[in-house]
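# Reading the structure
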Amino acid sequence: MTTALVIAQLVNGVQFGVLLFLMSAGLTLVLGIMNCINLMHGSLYMMGAYLAAAAYGQTHSFLIAAAAGVLGTMMVGVVVERLVMSRLYSRSHLDQVLATFGLILFFNEVVRIVWGPAALSMEMPRLFAQPIDLVGLPYPPYRFAVLGVGVLVAGALYLLIHKTRTGIVIRAASANPAMTRSLGVNVKLLNMLVFGLGAALAGLAGVMASPIVAIQSGMGEPILILTLVIIVTGGIGSVRGAFYGALIVGVVDTVGRTFLPMLLRQLLEHSYAQAVSATITSMSIYVLMAIVLAVRPQGLFR
Amino acid sequence: MTISLHLNEQERTAAATGRAARLGRMQPRHAAALVLFAALAAVPFIATFAGGPYLVTIASRIVIMALAAIGLNLVLGYGGLVSFGHALYIGLGAYAVGIATQHGLDNGLAHIAIALGAGGLLALVLGAISLRTSGMAFIMITLAFAQMAYVSAVSLRGYGGEDGLQIAGSSRFGPFDLSNATVLYYVAFVLLAAVALLTSRLVVSRFGMVLRATKFNEQRMVALGFKTFRFKLIAYVISAMICVIAGILQANLTHFVSPAYMQWTVSGELIVMVVLGGMATVIGPIVGAVVLLLIEDQLSGIDLGLPGGADAFVSAHWLAFLGLFIVATALVMKRGLYGTLVGEGDKL
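This report concerns the structure included in the present document. This one's a predicted model, so the numbers in the text were calculated from it and none came from an experiment. (Residues numbered from 1 in each chain as written. Chains lettered and ligands numbered in written order. Predicted model: local features only at pLDDT ≥ 70, side-chain atom pairs only at ≥ 80, totals over all residues.)

## Notes on the overall build of chain B
Counting secondary structure elements, chain B contains 15 helices and four strands. For 348 residues, the compact-globule estimate of 2.2 N^0.38 gives 20 Å, and chain B sits close to it at 20 Å. Its C-alpha atoms give chain B principal-axis dimensions of roughly 55 × 45 × 45 Å. With 348 residues in all, chain B has 49% of them scored as buried. Residue pairs at least 24 apart in sequence account for 76% of intrachain contacts in chain B once pairs closer than 6 positions are excluded. (Helix = DSSP H or I, 4+ residues; strand = E, 2+ residues; numbered from the N terminus. Rg over C-alpha atoms; globule rule 2.2 N^0.38 Å. Buried ≥ 20, exposed ≤ 12 C-beta atoms within 10 Å, placed from the backbone. Contact = placed C-beta atoms within 7 Å.)

## Observations regarding the overall build of chain A
Counting secondary structure elements, chain A contains eleven helices and two strands. Each helix (α) and strand (β) of chain A, taken in turn from the N terminus, gives the series α-α-α-α-β-β-α-α-α-α-α-α-α. A principal-axis box enclosing the C-alpha atoms of chain A has dimensions of 60 × 50 × 35 Å. Across the 302 residues that make up chain A, the buried fraction comes to 49%. Contacts spanning at least 24 positions in sequence make up 77% of the contacts within chain A whose residues lie at least 6 apart.

## Examining the environment of Phe313(B)
With respect to the secondary-structure elements, Phe313(B) resides in helix α13 (residues 310-316). Placed 104 residues apart in sequence, Phe313(B) and Met209(B) show a C-alpha to C-alpha distance of 49 Å.

## Focus: the packing of helix α2 (residues 41-59) of chain A against helix α8 (residues 187-209) of chain A
Residue and element names in this part refer to chain A. As a packed pair, α2 and α8 sit with axes 7 Å apart at the nearest point and diverge in direction by 50 degrees. Our classification of the angle between α2 and α8 gives oblique. Of the two elements, α2 crosses α8, and the hand of that crossing is right-handed. Between α2, through His41, Leu44, Tyr45, Met46, Met47, Gly48, Ala49 and Ala52, and α8, the contact on the second element is made entirely by Ala199, Ala202, Gly203, Leu204, Ala205, Gly206, Val207 and Ala209. Broken down by class, the residue content of the contact of α2 with α8 amounts to twelve nonpolar, four polar and no charged. (Axes fitted to C-alpha atoms, helices over the stretch in contact; angles between N-to-C directions. Parallel < 35°, antiparallel > 145°, perpendicular 65-115°, else oblique. Left-handed = near helix turned anticlockwise from the far one by under 90°. Nonpolar A, V, L, I, M, F, W, Y, C, P; charged D, E, K, R; others polar.)

## Some points on the interface of chain A and chain B
Of the residues lining the interface, 38 residues belong to chain A; the matching set on chain B comes to 36 residues. When residues of the side of chain A that touches chain B are traced back to their parent elements, those giving at least two are α4 (93-115), α9 (220-234) and α11 (270-295) of chain A. It is α4(A) that provides the largest number of residues to the side of chain A that touches chain B, a total of 16 residues. For the side of chain A that touches chain B, the per-class residue count stands at 29 nonpolar, five polar and four charged.

## Examining the nonpolar core
Nonpolar side chains in soluble globular proteins tend to be buried together. With 208 residues, the main nonpolar core has Ala52(A), Val63(B), Ala66(B), Leu67(B) and Ala68(B) as its most contacted residues. Setting aside its immediate chain neighbours within four residues, Leu67(B) contacts Ala188(B), Leu191(B), Leu192(B), Val195(B), Ile242(B), Ile245(B) and Ala246(B). (Core = buried A, V, L, I, M, F, W, Y, C linked by C-beta atoms within 7 Å.)

## A short note on the packing of helix α10 (residues 239-265) of chain A against α11(A)
Residue and element names in this part refer to chain A. Running from N to C, α10 and α11 point in directions that differ by 150 degrees, and their axes come no closer than 8 Å. Overall, the two elements α10 and α11 adopt an arrangement that is roughly antiparallel. Note on packing geometry: the crossing formed by α10 with α11 is right-handed. Note on element contacts: α11 touches α10 through His270, Ala273, Gln274, Val276, Ser277, Ala278, Ile280, Thr281, Ser284 and Ile285, opposite Val249, Val252, Asp253, Gly256, Arg257, Leu260, Pro261, Leu264 and Arg265. Looking at the contact of α10 with α11 residue by residue, the class counts come to ten nonpolar, six polar and three charged.

## Description of helix α4 (residues 87-102) of chain B
All names here are of chain B. In a regular helix each residue adds 1.5 Å, so 16 residues correspond to 22 Å; α4 covers 22 Å between its end C-alpha atoms and thus fits that length. Of all 16 residues that make up α4, 15 are buried, and the element is covered over most of its length. Glycine 104 occupies a position one or two residues after α4 and carries a positive phi of about 85 degrees. (Expected span 1.5 Å × (residues − 1).)

## Section: unusual backbone geometry
For Asn35(A), which is not a glycine, the phi torsion comes out positive at approximately 50 degrees. Within the fold, Asn35(A) resides in the loop between α1 (2-34) and α2. One non-glycine residue with positive phi stands out, namely Ala280(B), at about 55 degrees. With respect to the helices and strands, the residue Ala280(B) is situated in the loop between α11 (264-277) and α12 (284-300).

Here it is, written out as structure tokens:
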């Protein structure tokens, strides 16, 4: 029983880490290449979930819903990039923070206007709905599917960045944007491409999370903050750093929330143990970040 | 931008010009400041004729947030350090009052001592860690620390947890207390004026000049032998403590404190106030707080008789309009409202 629970929670943790990686990978590229703070990445995640749920409501096909979520979010991302972000690249971080903060408020309200204030929900794809046996514990295979898709995308991203010409340009722009521009790379196009890619990844994370979480306005913000912690810890612009950071944060968050209450229940009253362990878990993530930054201010992989 | 040994001399000249202007023709920025403070001072009188107690409440909220915005401006405007976590210190000040009152301690001086002590210490530790980073990472780490405080506040089950804590009472100073709305308003107003005055002195002092010069060129200041880290840390602690004071007042205004006081959106709003009003100006954050909070108040209760139920739509979804307004502010505003009026930024 306990071993099974540990394994199940570890899988949950890795699966959450994979979701976080999809968010962080896109955002770390945007931050690293355009040197531009984007706080509305969580809103893109939210848009992914909402668009998928809306498409699913119309078609009852998970595949179409997923496609709508990813492509729709990418389009939202490209429009936002053209209309707002592209005017901000040469401005101070402060202006970028302000504009994207305004965009968060805007998108949170847009989903309320379009889909109403109540939370939406989304069914798991039928193929993965039947629980399977995980060392004696019924476990939803959907989470394995999320894990699989995440690993596939991580692999594809690795190939894109390390084995293709586009990837070389992206890495060059991340290391030295001015030099890349002077070598004749169309930086405007590259920016749009990278922002669209980041938006699509955030949309994908939203789609995959949509059957597991409540789809509601503001759902992107807790994820955004974890994503920012991961990026700062891993090193801004480093996809590798985002990968390890996301896995660590995902596992620590999930495992801490499950097992700390069990430990603390021996010492404290039930509901109190729950609350305290949630705090300790969140704290441990921030403490990890603080230690990393105190020792290596540029992040682990930078 | 000249940073050299002539700093003090330039500053003396500037101060002399300012004095001359005050004696003779009044400069627009002094006139603006005077009008602003006169209007704020008159609010309770106006409220007896029109607007009623609600006007005093909203004006108190404005004055308290303006105080916090002045605090933030010290690091954001003068120090060039974009802290996205100053709501943490507002919440801390409010919780100090709430928790102390819950334990039967209603002595205002004790509230202040506890809040400033705890806030100063926390700011010292968090500042020392955050200031090791700069630029983008600094923004995110301050946001993360504020979020950490937010989840800690949620877990304070004994003090209301996520729902927050009703505060039964006010900070008491001998025979006086802050339960009367007008008294509270004037206390907040006097504190705002005092902090504004102190800030205007501080930023032209040696400390302020080093801080502002560090914003423009830290390497050069290090080369000149200044321990810039210490200056930035002290500025961070002072600015945090100003926000703590705002939090104490806020708790006395609402008789309530909840984790929402530390929410990251509050930190965001503080930044909007500073930028909207004018960074690195003494009066700018006050102007920004007045304008932003009045816009919020008007949007959420809009009643212009617009056709097609537009009023109801705007007041239900006012946050969307606020969001677009903030985006526009970021894209268009270079120096803020007050900064544009006085026509000078933070020049050295």
